[in-house]
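What the coordinates show
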Amino acid sequence: MARLSAVQTTEKGAAGSAGRESVSRRAFLVAGAAAGGGLLINFSVPVFAETASGPRRRYTLNAYIQIDPDSTVTIMSKCPEIGQGIKTSLPMVVAEELDADWKNVVAEQAPLDARAYGAQFAGGSFSTPMNYEPLRRVGAAAREMLVTAAARAWHVKPEECDTQIAGFVRHTGTSRKLSYGALAAKASQIKLAPDVLRTVKVKDPKDFRIIGKPISGVDNPLIVTGQPLFGIDMSLPGMKYAVFEKCPVFGGRPVSANLDAIKALPGVRDAFLVPGARPTGLPDGMAITLQDGIAIIGDSWWAANAALDKLVVQWNEGPVASQSTEQFDRMAVDLSTKPPGQVFRHDGDVDKAFASAAKVIEGQYAYPLVAHTPLEPMNATARYADGQVEVWAPTQNPAAGQGAIAKVLGIPPSKVTVHMTRAGGGFGRRLGTEYMVEAAVLSKMAGVPIKVLRNRKQDIQHEFYRPAGYHNFKAGLDSAGTLVAFRDHFITFTSDGEKLSNSANMDATEFPARFVPNLQYAQSMMLLGVPTGPMRAPQSNALGYAFQSFLDEVAVAAGKDPIQFRIDLFNTPHLVPNPPPPRGRGGGRRGGGGLFGMMPGFNPKRAVGVLELVREKSGWGQRKLPPRTGMGVAFYYSHLGYIAEVMQVTVAREGTVKVDKVWLAADVGRQIVNPSGAINQLQGGALDGISQALGQAITIDRGRVVQTNFDDYQLLRMNQAPPVEVFFNITDNMVTGLGEPAVPPAPPALCNAIAAATGKRVRKLPIDPATLVAT
Amino acid sequence: MSYTINVNGKAETVDVDGSTPLLWVLRDVLDLKGSKFGCGMGLCGACTVHLNGMPTRSCITPISMVGSAAVTTIEGVGASPVGEKVRAAWIELDVPQCGYCQAGQIMAATALLTSNPRPTDGDIDDAMSGNLCRCYTYTRIRAAIKQAAGLPTADTREA
């Protein structure tokens, strides 16, 4: 529920133009072009050349579409595939408007090429909102080329032709037809007007034949047969394997090591110290390029990794070796009793409102550092030769990786080629690029192609983490039970004493800001030496738990039904205006700036819509529940998606929590591109939130991460996974993404259900069963 | 040292240290990249293969322990009718998100259905809880196992 402020049109949306998109499609396209690094401009300069790549001749219609004489249609997928299904869904959009036969479509990972494809990344659930409308036009423009080619062949007007039969142009009057394959050579020569992407007609959605149909992932046949697809599967002639060991304390470095003994081990080729790039960028996880460490190069990865057991290093642990989670927990309690360091929003008069409130509720909520742990550990493969380097990597952020490699190696970015492989999970972790730099540097230093791969302990202990946080809430109700005053003193982290640590910020627009007349948001900061960064639904994944848990507590204190309390709040008739965004505020998910600033603002009617839908579908208030079983709700708006979740849980007398069922209602606009992938994302997102809440915490002791593997860092397993039922509320709004927004409501829905079952609020994540024992 | 192992019905001779886990022999010596590395400690199941039909964590199975056992990997699991059904169900129900764990999931599911053709939800929990999916595609995995077994796919573990 952040970013309530994104654009001025929010006010209009709130005032009652529910269901209407506040930014017109054209405005969005222009915005998309600006936001996407010249997205549209680049669509209008497609390559018109014939190319011969692979065994068959392919005719290029534009940067996205190539057609073989046998009518195979190859569609480039511009964004990296990390499990969000984009390699299937975006080609579906192109194929729809092209009127291609999906049976003949081959989706291929596009190369990294900003000129042809604009921004190429996987983050912020942006791939769908940024590309859905532009890619429809790319497909429609190519269709026009095929129609024009057919019309010329038949000496008729293009308007007399149609593409009713997928993969064919037909002369409507005579039913003559030509396949796309037969037309490809001629079509590739057709020059369209430079503004074709703005003028081309796209389909009426009621005529969709591919969009909106459940379609199985394009790589599934390769996945189920174990074909090489992922970064870790990469192999090059003459390639050697590397492990790269870093100081267990963040920011530390090796002074010396028993390198000669390591080099003498069987299967080990070389071992050497690698100086880090200064500054290392710690503790902003996203800024890390190369840390100091020790490289071990082996004939096999197993040999290199086994050598770590024999590695003896003298470390200089650096300045953060005294930090610990325990210490931060104590400091946070201490800070909560003191005046905040900074007030960043103040509406009305909070102190006066609390003084005159009929009821005042206070609640503290805390959450820990969390690791991303994609199942494919960080790895990359590089071949450096003659001042150039080629890198294969599972990455969400290929262009940033290219830039970081160029910077560290001191070569121009044009000398760095990055190939995107399929990624075995991302969750924000692969927005960082340091493992790509490691591969490039090690290949240069070792003089051979290198695959560097982390073992699980290295991977979990040298991440950047979802930052911890502590919230001290206070709410005031009037005699009617209406929320009239709200305060949060947020204890968070800074990396340098001034700037907030990466992803440790809370927006001034965080809900319930604007919906309460007297409201104060304030923060105090603690100095943190642990790298932090974005994790799936950054900030929201933590703030959702804290705010939606406390609001639930307030609803109960007000004697109101938790769903109705939220609906009433969203129906507040007069909203407090947002302050203007501070100068210099950049992008990210903050309201008013960056990509979100280009997108429609928060619309409370859509929030009410999903809450009403989930109330109906879950049988809220209608179910007779046994003792220690309860239902809880949460709503959160993030990444342009509106998600409400209800969970039913049963808490055993000894405190163990079983989630019985999840009902999830989502509003992501007027069209679900691929319902199969969409439901999968939502189910997985809700379970991800449950997994975090039930078991996940990274703890710091003496400046180092305590956890080592999936035994002390627990992910949800099959026997713990409840059924998740998904419902869409289709509204006439922009089509937006689904990778992230299902996560933030899950932990609070779970914790609110626990409170309903036991009367006990979960004040701290992860959930500690010992606090839930029946008394 | 030289070891001859039987992988997907074929005898393969490799020259590696006896402590080398089967996973790394498969991946980096025999170039069978389907079995995945996730944890190296038998905690996540991404490396699951069959030894004489038994689901086995290849990341903690030294090559010296394999002996004459029939090793089946994701690349070869389709040779059995059950394996083929499981693969087909995975595609039909669009199980994967990132797909990294799915080789291990398919191997565990095939072993389950081979010994227990009509598993209950409890049987599925028992057989599959050693295989992590970080994308949490458990809903689809459960449904796909039922589909491969010819059972109704609806999740009947009602609240």
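Structure: see above.
What comes next is a walk through the structure.

So, about the pairing of strand 20 (residues 469-477) of chain A. All names here are of chain A. By the criterion of burial, strand 20 is predominantly enclosed, with 8 of the 9 residues buried. Pairing geometry for strand 15 (residues 359-367) and strand 20, over 9 bridges, is antiparallel. Along strand 20, the bridge assignment pairs Tyr365 with His471. Relative to strand 21 (residues 483-494), strand 20 runs antiparallel, the two sharing 8 bridges. Considered in strand 21, the bridge of Asn472 is made with His489. From the end of strand 20 to the start of strand 21, which pair antiparallel, there are 5 residues, and Gly481 there has a positive phi angle of about 80°.

With that settled, consider the sheet that holds strand 23 (residues 629-638) of chain A. Residues and elements named next belong to chain A. With mixed pairing, 4 strands are arranged side by side in an open sheet as 23-24-25-28. Single-partner strands in this sheet number two, and they are strand 23 and strand 28 (724-728). Each neighbouring strand pair of the sheet contributes to a mean axis angle of 15°, computed without reference to strand direction. The sheet strands contacting helix 21 (residues 675-695) are strand 24 (641-651), strand 25 (657-667) and strand 28, and the helix crosses strand 28 at an angle near 130°.

With that settled, consider the packing of helix 4 (residues 121-128) of chain B against helix 5 (residues 138-148) of chain B. All names here are of chain B. The N-to-C vectors of helix 4 and helix 5 enclose an angle of 115°; their axes lie 11 Å apart at closest approach. For the element pair helix 4 and helix 5, the recorded crossing hand is right-handed. The segment helix 4 lies against helix 5, with Asp121, Ile124, Asp125 and Met128 engaging Ile141, Arg142, Ile145 and Lys146. Within the contact of helix 4 with helix 5, the residues separate by chemical class into 4 nonpolar, no polar and 4 charged.

Core analysis: the largest hydrophobic core is formed by 181 residues, its most contacted members being Ile296, Leu483, Phe486, Phe635, Leu750 and Ile767 of chain A together with Trp90 of chain B. Considering each element in turn, this core owes the most residues, 9 residues, to helix 17 (residues 540-557) of chain A. Formed jointly, this core draws a minimum of three residues from each of two domains, domain 1 (2-72) and domain 2 (77-149) of chain B. Beyond its immediate stretch of four places on either side in the chain, Leu750 of chain A contacts Met647, Val649, Val657, Val659, Ile690, Ala693, Leu694 and Ile767 of chain A.

Another aspect to go through is the pairing of strand 24 of chain A. All names here are of chain A. In terms of burial, strand 24 is largely enclosed, as 10 of its 11 residues are buried. Two elements, strand 23 and strand 24, share 10 bridges in a ladder whose sense is antiparallel. If you follow Ala634 over to strand 24, its bridge partner there is Glu645. Where strand 23 folds back on strand 24, the antiparallel hairpin that results is connected by 2 residues, among which His639 adopts a positive phi of roughly 55°. As paired strands, strand 24 and strand 25 are joined by 10 bridges and run antiparallel to one another. Each bridged residue has a counterpart across the sheet, and for Thr650 the counterpart in strand 25 is Lys658. Counted along the chain from strand 24 to the antiparallel partner strand 25, the turn is 5 residues long, and its residue Gly655 has a positive phi close to 100°.

Here we take up the interface of chain A and chain B. Across the contact, 60 residues belong to chain A and 51 residues belong to chain B. Between chain A and chain B, roughly 4800 Å² of surface is buried when both sides are summed, and carbon and sulfur atoms account for 59% of that area. For chain A, the biggest contributors to the area lost against chain B are Val224, Leu375 and Met718 of chain A; these three give 17% of the whole. At the junction of chain A with chain B, the criterion picks out 26 residue pairs in polar contact (both at pLDDT 80 or more). Of all elements in the fold, only helix 9 (220-223), helix 11 (301-306), strand 25 and helix 21 of chain A reach the threshold of two or more residues within the side of chain A that touches chain B. Among the elements that make up the side of chain A that touches chain B, the one with the highest residue count is helix 21 of chain A (10 residues). Partitioning the side of chain A that touches chain B into residue classes produces 27 nonpolar, 22 polar and 11 charged.

What counts and what doesn't
By convention here, each chain's residues receive numbers from 1 onward along its written sequence. Note on labels: chains are lettered from A, ligands numbered from 1, in written order. Only residues with pLDDT of 70 or above have their local features reported here, since the model is predicted, and side-chain atom pairs are shown and tallied only from 80 upward, although totals for entire chains, interfaces and linings are computed over all residues. Hydrogens and water molecules were not included; the side-chain quantities draw on all heavy atoms of the structure. Each residue is placed in one exposure class: buried if its accessible area under a 1.4 Å probe, protein chains only, is under 20% of its type's maximum, exposed if it is over 50%, and partly exposed if it falls in between. In DSSP terms, a helix is any run of H or I states spanning at least four residues, a strand is any run of E spanning at least two, and both are numbered starting from the N terminus. Two strands make a pair as long as DSSP finds a minimum of two bridges between them. What counts as an axis is a line fitted to C-alpha atoms, over the stretch in contact for a helix, and the angles between N-to-C directions run from 0 to 180 degrees. In this analysis, two residues are considered to be in contact whenever any of their non-hydrogen atoms come within 4.5 Å of each other. By convention, the crossing between two helices is left-handed when the near helix turns anticlockwise from the far helix through less than a right angle, and right-handed when the turn is clockwise. Note on residue classes: Ala, Val, Leu, Ile, Met, Phe, Trp, Tyr, Cys and Pro are nonpolar, Asp, Glu, Lys and Arg are charged, and everything else, Gly too, is polar. Put simply, a nonpolar core is a bunch of buried Ala, Val, Leu, Ile, Met, Phe, Trp, Tyr and Cys residues held in one set by side-chain atoms that sit within 4.5 Å of each other. For each domain, the first and last residues come from an automatic or database assignment. Put simply, buried area is how much 1.4 Å-probe accessible surface two parts lose in total, over both of them, once they are put together. Polar contacts, as used here, are pairs of N or O atoms within 3.5 Å; protein pairs need one atom able to donate a hydrogen and one able to accept it. Residues neighboring in sequence count only if both atoms are side-chain atoms.

By themselves, these observations are geometric and do not establish any function.
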